[in-house]
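Geometric and topological summary
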Amino acid sequence: MGDADRKAPLRDYCVGLMACGGRKSVEPMAAVTAPERTAAQHQSLLHFVGSGAWSDEKVLGKVRAMVLPAIERRGPIEAWIIDDTGFPKQGRHSVGVARQYCGQLGKQDNCQVAVSLSIANHHASLPVAYRLYLPKEWTEDRDRRRKVGIPAEVCFQTKPEIALEQLRWACASGSLPRGVVLMDAGYGNNSDLRTEITALGLTYVAGLLSSTTVWAPGPLPPKPWSGRGRPPKLMRRSRQHQPTTVKALAIGLPAQAWRTITWRQGMNEKLTSRFARVRVRAAHRDYWQTTRRAQEWLLIEWPKGEDQPTKYWLSTLPEEVAFRTLVETAKLRWRIERDYQDLKQEVGLGHFEGRGWRGFHHHATMCIAAYGFLISEQETIPPSGGRRARPIPLARVPADYRPRGSAAADPTSHSKLDRDDATAARAWARPNAVEMSLLCD
């Protein structure tokens, strides 16, 4: 943390994230961790997360070093997962807020969006890089940048560009075990990103849109040369030889190309679906290429009962990879869904109420630290393990404490009014009911 004085706020902030019920903003966490001096604790935690000059990268590196061995005890790291998550927001003053697509809402709305890189196996996953996406209107507005403290070196980058920067950092760090890069169609449909991932020496399984074009299996005849002028170097297309969409290719596959595969055990039943795979070449803008792109696996999912295929992936896994392994790898991206669900619901990733760049990332780092702690201690906490976990002692919150803005606050301005609790609506607390005659009109 860079300073011994930050040790206590660090511990209190993480404890507050795990122990505070409801919304995990600074004021309720202060009341839980120091009820006898809530106001002072409130200011301490606000300063720690909003203004503290400590490094997110160093703290995440320490968290990674402490948690990675616990994850690898259940199996090697299998994947690097790229994804983003949105946080609905009101107003326009919080850093990065704009009208954009929010996955939590499933539509375009006012929100913040952060891009992350996680390492994962089938047992657990952990975010190792986390960065707020800044829309172009934010990067070009000097007044807004100054008010929320955006560093001068931060410029506009698309989400795939942020993800590529995180991948380059992960490769350069040398401390992360390699894994297959997994991404949904929002990133996988970007052919430049896929090319750069291959250049880094990484393999990938990338989600695709149904309109993505590929060259179907089979030889591609070169453009004929008339004998005059220079021989053609760039790839050309003709009326007889055009790429096809992955949807059209999937619909045209024979029945024997489809296999029913089970990839893991779900909550109530085994997860099973129909899949087909074909060796194809990506066709996006290849008319500017002097050589054809390498062959890749096109994986298609078409569940029984559906009118058409539902999901498509393009993968650079080896040609000899087993069919089931290809499916299991593509489906491992569910871990990031669980990541964000737990980070938001259990440790309050989306509950930060500040407006600044530093506070946004500090809060996320503390949430990842708390989440990493829960992963590393999972084997010792019942029912997963024996009762070896030492409970964290928490002081009792005063019965009359009400956070500002709470729905449970006094409904009137006079503290002595409207404070009586309503009679409990329980059958055993009431006297026996008395029969009454029916009143007729």
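So, a few notes on the structure that sits alongside this text.

1. Digging into the overall build of the protein chain
When helices and strands are counted, the protein chain shows 13 helices and twelve strands. Per-residue burial over the protein chain gives 44% buried out of 441 residues. If you take every contact in the protein chain between residues at least 6 apart in sequence, the share linking residues at least 24 apart comes to 64%.

2. Some words on the packing of helix H7 (residues 159–173) against helix H9 (residues 191–199)
Orientation of H7 relative to H9, taken along the N-to-C sense of each, is 5 degrees, at an axis distance of 10 Å. Relative to H9, the element H7 is oriented roughly parallel. Residue-level contacts link Pro160, Leu164, Leu167 and Arg168 of H7 to Leu193, Glu196 and Ile197 of H9. Of the residues contributing to the contact of H7 with H9, the split by class is five nonpolar, no polar and two charged.

3. A few points about the packing of helix H4 (residues 56–72) against helix H13 (residues 357–376)
In contact at an axis separation of 9 Å, H4 and H13 are set at 15 degrees when each is read in the N-to-C sense. One way to sum up the angle between H4 and H13 is to call them roughly parallel. The hand of the H4/H13 crossing is left-handed. Listed contacts from H13 to Asp56, Val59, Leu60, Val63, Val67, Ala70 and Ile71 of H4 are His361, His362, Thr365, Met366, Ile368, Ala369, Gly372, Ile375 and Ser376. Per-class residue counts for the contact of H4 with H13 are ten nonpolar, five polar and one charged.

4. A few points about the pattern of salt bridges
Under the definition given, this model contains nine salt bridges. Here Arg333 ties to Asp83 by a salt bridge, and the two come within 3.2 Å at their closest N and O atoms. Placement of the pair is Arg333 in the loop between helix H11 (323–331) and helix H12 (334–345) and Asp83 in strand E1 (residues 79–88), with a sequence separation of 250 residues. For Asp83, a relative accessible area of 6% puts it in the buried group. Taking relative accessible area as the criterion, Arg333 reaches 15% and is therefore assigned buried. The network of salt bridges with shared partners includes Asp83, Arg333 and Glu337.

5. Remarks on the environment of Ala369
Inspection of the secondary structure puts Ala369 in helix H13. Linking Ala369 and Val63, residues 306 residues apart in sequence, is a C-alpha distance of 6.0 Å. Leave out the neighbours within four places in its chain, and Ala369 touches Cys14 and Val63.

6. Some thoughts on the pairing of strand E9 (residues 259–265)
Pairing between E9 and strand E10 (residues 270–282): six bridges, direction antiparallel. Bridging across to E10, Arg264 finds its partner in Leu271. Between E9 and E10, which follow one another and run antiparallel, lie four residues.

7. Some remarks on the packing of aromatic side chains
Enumeration over the complete set of coordinates arrives at seven aromatic pairs. Both rings, one in Tyr13 and one in Phe48, keep their centres 6.0 Å apart while their planes meet at 50 degrees; by these two values the pair is tilted. Placement of the pair is Tyr13 in helix H1 (residues 7–19) and Phe48 in helix H3 (residues 38–50), with a sequence separation of 35 residues. Here the two residues Tyr13 and Phe48 agree in accessibility, since each one is buried.

8. Details of the pairing of strand E6 (residues 204–208)
Across the five residues of E6, five count as buried, placing the element largely inside the fold. Burial of E6 is two-sided: the residues Tyr204, Ala206 and Leu208 facing one way and the residues Val205 and Gly207 facing the other way are all buried. Sheet topology places strand E5 (residues 180–183) next to E6; three bridges connect them, and they run parallel. Following the sheet pairing, Met183 is matched in E6 by Ala206. Here four bridges tie E6 to strand E12 (residues 311–315), and the two strands are oriented antiparallel to one another. Across the sheet, the residue bridging to Gly207 is Trp313, located in E12.

Criteria and thresholds
Residues numbered from 1 in each chain as written. Predicted model: local features only at pLDDT ≥ 70, side-chain atom pairs only at ≥ 80, totals over all residues. Heavy atoms only, no water. Helix = DSSP H or I, 4+ residues; strand = E, 2+ residues; numbered from the N terminus. Buried < 20%, exposed > 50% of the residue type's maximum accessible area, 1.4 Å probe, protein only. Contact = heavy atoms within 4.5 Å. Axes fitted to C-alpha atoms, helices over the stretch in contact; angles between N-to-C directions. Parallel < 35°, antiparallel > 145°, perpendicular 65-115°, else oblique. Nonpolar A, V, L, I, M, F, W, Y, C, P; charged D, E, K, R; others polar. Left-handed = near helix turned anticlockwise from the far one by under 90°. Salt bridge = Lys/Arg side-chain N within 4 Å of Asp/Glu carboxyl O. Pairing = 2+ DSSP bridges. Phe/Tyr/Trp six-rings, centres within 6.5 Å; stacked < 30°, edge-to-face > 60°.

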